[in-house]
Amino acid sequence: MTVCILRGSPRKNGNTNSLMVPFVKELEEAGCICHDFDLHTMKLDPCVGCCCCQKDWEHFNCSRKDDLQPVFDAILGSDLIVLATPIYSWFCTTPMKTTLDRLVYGMNKIYSTNPGPRLWEGKSVAMVITCGYKPEKGADLFEEAMVRYCKHSRLIYKGMLAERHLGYHTEFMDEEKVQHARDFAQKLLEPLQE
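Residues numbered from 1 in each chain as written. Predicted model: local features only at pLDDT ≥ 70, side-chain atom pairs only at ≥ 80, totals over all residues. Heavy atoms only, no water.

Peer 1: How do you make sense of the overall build of the chain when you look at a structure like this?
Peer 2: Secondary structure assignment for the chain yields 6 helices and 5 strands. Of the regular secondary structure in the chain, the N- to C-terminal order runs β-α-β-α-β-α-β-α-α-β-α. Taking 194 residues into account, the globule formula puts the C-alpha radius of gyration at 16 Å, and the chain, at 17 Å, falls close to it. Oriented by its inertia axes, the alpha-carbon framework of the chain measures out at about 50 × 40 × 25 Å. Per-residue burial over the chain gives 48% buried out of 194 residues. For the chain, the proportion of contacts with a sequence separation of at least 24, taken over those separated by at least 6, is 77%. Surface exposure of the chain reaches about 10,000 Å², of which carbon and sulfur atoms provide 52%. Looking at charge distribution, the chain has the averaged site of its 23 positive side-chain charges lying 7 Å from that of its 26 negative ones. (Helix = DSSP H or I, 4+ residues; strand = E, 2+ residues; numbered from the N terminus. Rg over C-alpha atoms; globule rule 2.2 N^0.38 Å. Buried < 20%, exposed > 50% of the residue type's maximum accessible area, 1.4 Å probe, protein only. Contact = heavy atoms within 4.5 Å. Areas by Shrake-Rupley, 256 points an atom, 1.4 Å probe, with all protein chains shown as cover. Lys, Arg positive; Asp, Glu negative; His and termini not counted. Charge placed at Lys NZ, Arg CZ, Asp CG, Glu CD.)

Peer 1: I keep staring at the pattern of salt bridges and nothing clicks. Help me out?
Peer 2: If the charged atoms of two oppositely charged side chains come close together, the side chains can form a pair. Here the structure, examined in full by the defined rule, presents 9 salt bridges. Notably, a salt bridge pairs R7 with D36, separated by 2.7 Å at the nearest N-O pair. With R7 in strand β1 (residues 2-7) and D36 in strand β2 (residues 33-38), the pair connects residues that are 29 residues apart, well separated along the chain. For the salt bridge of K12 with D38, the shortest nitrogen-to-oxygen distance reads 3.9 Å. Here D38 lies in strand β2 and K12 lies in the loop between β1 and α1 (15-29), a separation of 26 residues in the sequence. (Salt bridge = Lys/Arg side-chain N within 4 Å of Asp/Glu carboxyl O.)

Peer 1: I would appreciate a short explanation of the sheet that holds β1 in the present structure.
Peer 2: Backbone hydrogen bonds hold the strands of a sheet together, and the pairing may be parallel or antiparallel. With parallel pairing, the 5 strands of this open sheet are ordered in space as β2-β1-β3-β4-β5. A single partner strand is all that each edge strand has here, and the edge strands are β2 and β5 (156-164). Strand-to-strand twist of the sheet, defined as the mean angle between neighbouring strand axes without regard to direction, takes the value 15°. Note: strand β3 (residues 80-86) against strand β4 (residues 124-131), 7 bridges, orientation parallel. In the sheet register, P86 faces β4, and the bridge partner there is T130. Where helix α2 (residues 69-76) meets the sheet, its contacts fall on β1, β2 and β3, and the angle it forms with β1 comes to roughly 145°. Against the sheet, helix α5 (residues 140-153) contacts β3, β4 and β5, and its axis sits at roughly 170° relative to β4. (Pairing = 2+ DSSP bridges. Axes fitted to C-alpha atoms, helices over the stretch in contact; angles between N-to-C directions.)

Peer 1: Could you clarify how one ought to interpret the nonpolar core in this entry?
Peer 2: Soluble globular proteins tend to bury their nonpolar side chains together. Membership of the largest hydrophobic core comes to 34 residues, with the highest contact counts inside it found for L6, I75 and L83. Within the residue set of this core, elements represented by two or more residues are β1, α2, β3, α3 (94-107), β4 and α5. The element contributing the most residues to this core is α3, with 5 residues. The contact partners of L6, leaving out residues within four places of it in the chain, are F37, L39, V71, I75, I81, V82, L83, A84, M96, T99 and L103. Ranked by size, the runner-up nonpolar core spans 21 residues in total, among them L19, L27, A84 and L188. (Core = buried A, V, L, I, M, F, W, Y, C linked by side-chain atoms within 4.5 Å.)

Note that all results are geometric; they support no functional claim without further evidence.
Here it is in structure tokens:
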């Protein structure tokens, strides 16, 4: 399985990236090829709704010339897309939101008078989320948005691992979270093992 990982955390050694260590290790030990993008270090321009992307049904074809093209290419070559982000104000971080906005238009060629294909139709999406509230009160709105996003794009939503941080003066990672990350990776591998 080929996996495209999109990381939205601004902190290289923060909670989200710490949670990703055992998750990615589990995938790689199972033989997955992981393409990993740190969105916070990339130049990502916001979507301006110009619809240039709708003129070409085979390519991303965005008018914004930034660092998103390699992400597009990796997604097209992947079986699974993993969104890894902390939740800020009940939603993902700005680089993740910018990427999602651009991808929904560049990948779905359905916004013109002559609708075309959804280039990523049938690909799987999973999420690794960290938040300060209980996940059912902190990550629920973003998860609902992504469920709708996946349905609209005809992607297969595979679920979410959400872990809570109890505060800046507490340790985030523990053995239970490590095991949850490994278990979630294994769950995503199950179709391969059948």
